[in-house]
Amino acid sequence: MQEIPPNYATLFVATCNALNLARPQRLFYANQEPYDAREYQRKVGWLGERVRMLNADVLAVQEVWDDTALKEAIAASGLRYDSVAVPGAESTPPAQGAQGTPRVGIVTRLKVEALRSFVDFPEDISVDVPELGRHVRFERPPLLAQLRMKHGQAVNVLTVHLKSKRPKFLIDAAGQPLENRDDPKIAARASLRSLLMRAAEAAALRCIVIDLLHENRVPLVVMGDFNDHPHSVTTQLVAATSDAFYDKAARDVALFNAYEMQGESALKKDVAYSHIHQGHPEVLDQIFVSEEFAVGSRRAIGDVRRVDYFNDHLHEGRDRTRTDHGLVRALLRVRMG
């Protein structure tokens, strides 16, 4: 009797750092001019074109100051999405959008069963940062979306944006510098502050991932701006992929880089980067999946077919009406029945 091949449902997931997406005339950082009406329309239109190109079922978005701006960008795409949410950046009056730092959001066609922002670190993860005190919460809270596909499969998606490598110089309440930023020793200490903060956020995110995966068969996708490359200490602190190579039991709570898991190896390209820093390409924006999408795992219910990077605009000159990050999209498959 001939074996019937499995039937698959497809799921496109993507991530986009929108680079300070805010309403026109809205001051988001004290040292940056607000967008005027023309700039805003250019930015919303450009993002709309990228959203249409990605055509993702689930889109993770970072650096959103106002959810109304994101909703306009989605509308400009001409695509229909049932849910556009950016907790903490609500900007329909009387709400005034995100304050102090932008937030992350989720855009999806899938049924949303629950949304949760993680603001505070789990217990025992906080660290002391020089001159800043105890670091106990995320600067940009990760957002968990509990989703359900049309055929009934549950999927958890976690949108993240970790602390950048940019030196954390001391400032006063008005945003004025308290340190000599031209002093290389002070700059080194400021970079240490950033590293400690990002490492603490990575450890806290790791605890969240463990809680979501341990003895739980709901597949997890973690995507966003990790602000470091896939094999860095902080990224691997979140993923713990290396543990899974020599300990199969560790796969239960490990994450796997979707780019490295894709099945069609001929489609892998050397242009897989999402940011350019001082002329050097690097991968900051990433998609990780749980073992349910890892071929060869006894718990696999699907796979990663391919991962695409959209980064041509990074060579067109810096323009804040676009973004300084590439967009990343993965095509996942889930077995039906």
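Residues numbered from 1 in each chain as written. Predicted model: local features only at pLDDT ≥ 70, side-chain atom pairs only at ≥ 80, totals over all residues. Heavy atoms only, no water.

Draft legend 1. Inspection of the overall build of the protein at higher detail. The number of helices and strands found in the protein is six helices and 16 strands. Relative to a compact globule of 337 residues, whose C-alpha radius of gyration would be 20 Å, the protein shows 20 Å and is just as compact. When the backbone C-alpha atoms are referred to their principal axes, the protein occupies close to 75 × 45 × 40 Å. Within the protein, buried positions represent 53% of all 337 residues. Counted over contacts in the protein with a minimum sequence separation of 6, partners at least 24 positions apart contribute 73%. Per element, the accessible surface of the protein, about 16300 Å² overall, is 50% carbon and sulfur. (Helix = DSSP H or I, 4+ residues; strand = E, 2+ residues; numbered from the N terminus. Rg over C-alpha atoms; globule rule 2.2 N^0.38 Å. Buried < 20%, exposed > 50% of the residue type's maximum accessible area, 1.4 Å probe, protein only. Contact = heavy atoms within 4.5 Å. Areas by Shrake-Rupley, 256 points an atom, 1.4 Å probe, with all protein chains shown as cover.)

Draft legend 2. The nonpolar core, seen in detail. In terms of nonpolar packing, the biggest core is built from 35 residues, with V13, V58, V221 and L332 touching the most fellow members. Here this core gets four residues from one element, more than from any other, and that element is strand β16 (residues 327-336). (Core = buried A, V, L, I, M, F, W, Y, C linked by side-chain atoms within 4.5 Å.)

Draft legend 3. Looking closely at the sheet that holds strand β3 (residues 83-85). As summarised here, the arrangement of the six strands in space is β3-β4-β2-β1-β16-β15, forming an open sheet in which the pairing is mixed. The sheet is open, and its two edges are formed by β3 and β15 (302-310), each paired on a single side. Between one strand axis and the next, the sheet turns by 15° as a mean value, whatever way the strands run. Sheet analysis places β3 next to strand β4 (residues 103-108), joined by three bridges and oriented antiparallel. In the sheet register, V84 faces β4, and the bridge partner there is V107. Sitting on the sheet, helix α1 (residues 37-54) is in contact with β1 (7-21), β2 (58-64), β15 and β16, with an inclination near 165° to β1. (Pairing = 2+ DSSP bridges. Axes fitted to C-alpha atoms, helices over the stretch in contact; angles between N-to-C directions.)

Draft legend 4. Expanded view of the pattern of salt bridges. Under the counting rule described, the total for this entry stands at 25 salt bridges. Residue D66 pairs with R26 through a salt bridge whose shortest N-O separation is 3.1 Å. Residue D66 is found in the loop between β2 and α2 (67-77), and its partner R26 is found in the loop between β1 and α1; the two are separated by 40 residues along the sequence. With respect to class, D66 is no different from R26; both count as buried. Across the salt bridge formed by E131 and R189, the nearest N and O atoms sit 2.9 Å from each other. A residue pair is termed long-range when its members are at least 10 positions apart, and E131 in the loop between β6 (127-129) and β7 (133-135) and R189 in helix α3 (residues 184-213) qualify at 58 residues. Judged by its relative accessible area of 39%, R189 falls in the partly exposed class. Here the salt bridges share partners, and the residues they tie into one network are R217, D252, E291, E292 and R299. (Salt bridge = Lys/Arg side-chain N within 4 Å of Asp/Glu carboxyl O.)

Draft legend 5. Spotlight on the sheet that holds strand β9 (residues 154-161). As summarised here, the arrangement of the six strands in space is β5-β8-β9-β10-β14-β11, forming an open sheet in which the pairing is mixed. Each edge of the open sheet carries a strand with a single partner, namely β5 (111-117) and β11 (256-257). As paired elements, strand β8 (residues 143-148) and β9 share six bridges and run antiparallel to each other. Bridging from a neighbouring strand, L144 pairs with L158 of β9. The strands that α3 touches are β8, β9 and β10 (220-225); relative to β9, the one it contacts most, it runs at about 175°.

Draft legend 6. Fine view of the side chain of Q262. By the secondary structure assignment, Q262 is in the loop between α6 (258-261) and β12 (275-277). At a separation of 3.1 Å, a polar atom in the side chain of Q262 contacts the main-chain carbonyl oxygen of Y259. (Polar contact = N/O pair within 3.5 Å; in protein donor to acceptor, adjacent residues only side chain to side chain.)

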